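# A structural walkthrough
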Amino acid sequence: VAVASGALYGIGVFLAGFSDGRVWWKYSSYGLMGGIGLGLGYIVPVATLVRWFPDRRGMITGIAVAGFGAGALITAPLATRLVASIGAPRTFVVLGIVYLAAVICAGLFMKNPPAGFVPSGWTPSVAQQKQRSTKVYTLQEALASWQWYGLWALLFLNTTAGIAIISQAAPMAEEITGASAAAAAGLVGAISIANGAGRFLWASLSDSIGRRTVFLIMFPLQGLLFALLPAVNSFAAFTVLACIIMLCYGGGFGTMPAFAADRFGAENVGSIYGLMLTAWSFAGVLGPMLIAALRQQTGQYGDALYVIAGLMFVSTIIPVLLGKVGRAVSVSTPLPAKTN
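### Digging into the overall build of the protein chain
The helix and strand tally for the protein chain stands at 14 helices and zero strands. Computed over its C-alpha atoms, the radius of gyration of the protein chain comes to 21 Å, within 12% of the 20 Å expected for a compact globule of 340 residues. Considered along the principal axes of its C-alpha atoms, the protein chain spans approximately 60 × 45 × 35 Å. Looking at the protein chain as a whole, 45% of its 340 residues qualify as buried. Taking contacts inside the protein chain between residues at least 6 apart in sequence as the whole, the part at least 24 apart equals 81%. Carbon and sulfur atoms form 70% of the exposed surface of the protein chain, whose accessible area is close to 15700 Å².

### Thoughts on the confidence of the model for the protein chain
The pLDDT averaged across the protein chain works out to 87; a share of 93% of its residues lies at or above 70. When pLDDT is averaged over each element of the protein chain, helix α1 (residues 2–16) comes out on top at 96 and helix α5 (residues 126–131) at the bottom at 67. Note that residues 325–340 has pLDDT below 50 and, in this model, 31 contacts with residues that lie over four places away or in other chains.

### Looking at the nonpolar core
Residues L154, F226, F238, M256, Y273 and M276 are the most contacted members of the largest nonpolar core, which totals 72 residues. Sequence-distant contacts of L154, defined by excluding residues within four places in its chain, comprise F215, F219, M256, F259, I318, P319 and L322. By size, the runner-up hydrophobic cluster in this structure holds six residues, among which are Y9, V13, L95 and Y99.

### Considering the pattern of salt bridges
Opposite charge on two side chains makes pairing possible when the charged atoms of those side chains draw close. According to the stated counting rule, one finds five salt bridges in the structure shown. Notably, a salt bridge pairs R295 with E175, separated by 2.8 Å at the nearest N-O pair. Note that R295 is positioned in helix α12 (residues 278–298) and E175 in helix α7 (residues 146–177), a separation of 120 residues in sequence. Assessed through its relative accessible area of 27%, R295 is described here as partly exposed. Salt bridges sharing common partners tie together R57, D207, R211 and D262.

### Quick notes on the environment of R263
Position of R263 relative to the elements: it lies in helix α10 (residues 235–264). Each C-alpha atom, one on R263 and one on L290, is 31 Å from the other, the two residues being 27 residues apart in sequence.

### Points about the packing of aromatic side chains
In the structure shown here, the tally under the stated rule is 16 aromatic pairs. A ring pair is formed by Y30 and F92, whose centres lie 5.6 Å apart and whose planes are at 75 degrees; its orientation type is edge-to-face. One end of the pair, Y30, is in helix α2 (residues 23–52); the other, F92, is in helix α4 (residues 88–107), with 62 residues separating them in the sequence. When its relative accessible area of 21% is taken as the criterion, F92 is described as partly exposed. Taking 4.7 Å as the distance between ring centres and 85 degrees as the angle between the ring planes, the aromatic pair formed by Y42 and F68 counts as edge-to-face. Here F68 lies in helix α3 (residues 57–86) and Y42 lies in helix α2, a separation of 26 residues in the sequence. Its relative accessible area of 7% is what places Y42 among the buried residues. We classify F68 as partly exposed; its relative accessible area is 32%. In this structure an aromatic cluster arises from ring pairing among Y42, F68, Y249, F253 and W280. Above the plane of the ring of Y137 lies K135, whose end atom (NZ or CZ) is 4.5 Å from the centre.

### Here's the deal with helix α8 (residues 181–209)
Its 29 residues give α8 an end-to-end C-alpha distance of 40 Å, which sits within 8% of 42 Å, the value for a rise of 1.5 Å per residue. Along α8, the sharpest kink reaches roughly 30 degrees, centred on A197. Just downstream of α8 lies G210, where phi reads positive at about 100 degrees.

### Details of the environment of Y137
On the secondary structure map, Y137 appears in the loop between α5 and α6 (139–143). Expressed as a C-alpha distance, the spacing of Y137 and I191, which sit 54 residues apart in the sequence, is 36 Å.

### Things to note about a nonpolar patch on the surface
Taken together, the side chains of W146, I317, V320 and L321 present a nonpolar region at the surface, about 400 Å² in accessible area. By residue number, the principal contributor to the nonpolar patch is helix α14 (residues 317–322), which donates three residues. Assignment of secondary structure puts W146 in helix α7.

Definitions and limits used
Residues numbered from 1 in each chain as written. Predicted model: local features only at pLDDT ≥ 70, side-chain atom pairs only at ≥ 80, totals over all residues. Heavy atoms only, no water. Helix = DSSP H or I, 4+ residues; strand = E, 2+ residues; numbered from the N terminus. Rg over C-alpha atoms; globule rule 2.2 N^0.38 Å. Buried < 20%, exposed > 50% of the residue type's maximum accessible area, 1.4 Å probe, protein only. Contact = heavy atoms within 4.5 Å. Areas by Shrake-Rupley, 256 points an atom, 1.4 Å probe, with all protein chains shown as cover. pLDDT = per-residue confidence, 0-100. Core = buried A, V, L, I, M, F, W, Y, C linked by side-chain atoms within 4.5 Å. Salt bridge = Lys/Arg side-chain N within 4 Å of Asp/Glu carboxyl O. Phe/Tyr/Trp six-rings, centres within 6.5 Å; stacked < 30°, edge-to-face > 60°. Lys NZ or Arg CZ within 6 Å of the ring centre and 35° of its normal. Expected span 1.5 Å × (residues − 1). Bend = angle between axes of the 7 residues up to and from the residue. Patch = residues over 30% accessible without salt bridge, like charges linked within 9 Å, V, L, I, M, F, W, Y side chains within 5 Å.

What follows is the structure in structure tokens.
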């Protein structure tokens, strides 16, 4: 799957360089083919690493998805320089070749651990046993439980809030704090770093305090921060609040794969969490549309931010209802381990 993702993504980006003004070509190559490749590649490290590191699921998935977020920090300035020197079409060609080689080569290293693999000297702690299901769920079994939809909702709501900030960060900072366009543009880089850092920090913390507890902290915290943003006059203070929100946004992505593995077992987490990532797609549409519509209707960002704050406070009920991971699902006989 990783090799296929590298092929689709690399070739999709490569072919986008030959669109020659044809929008349908760009949508088909960069959008459709590249998008499928991107989705396939995102889930593979997550599904593989939770099996190799059962003792540190949060930390390891946090590292994996932080890598995804950090990629933009490298590619964005590189692509900008390439466009300035060789033009946009050739930039797509160059990046496509690089992606093709890099992802396929990395994909060749992906493999599952032996059946029954356990890290040397590790035994699950009492806390880990309480938050993990002893049953290995198939995708169909996971979809038959309401907890899958609860986790989907957690990811959807957390992402909706974060993307609302990402999509409007610069104009929001200009309107609320009076910052210059140049300063507001710098804010985008700061929140990108916070996004990547949050994926690792919150996910690592979840190994100690539990996945559910992380969301019980992040949701009301975001509600408070969104409520404070309209009253902030200082650009520095606005930046700090926005970065903390983005730490939580990234934290959702970092913690959720481990949450799904705890809830449904690591054996089929690729398909179970892969389908759960549709929450990201829906939020990517709703978040920007929601804040843009409210901004247009009210003429200011303040009311839109208050609405999102209320949404975050109300959403706290979801991790409350989910309860402790290992006790909210029925436990039956585990599936037999696969043999090579």
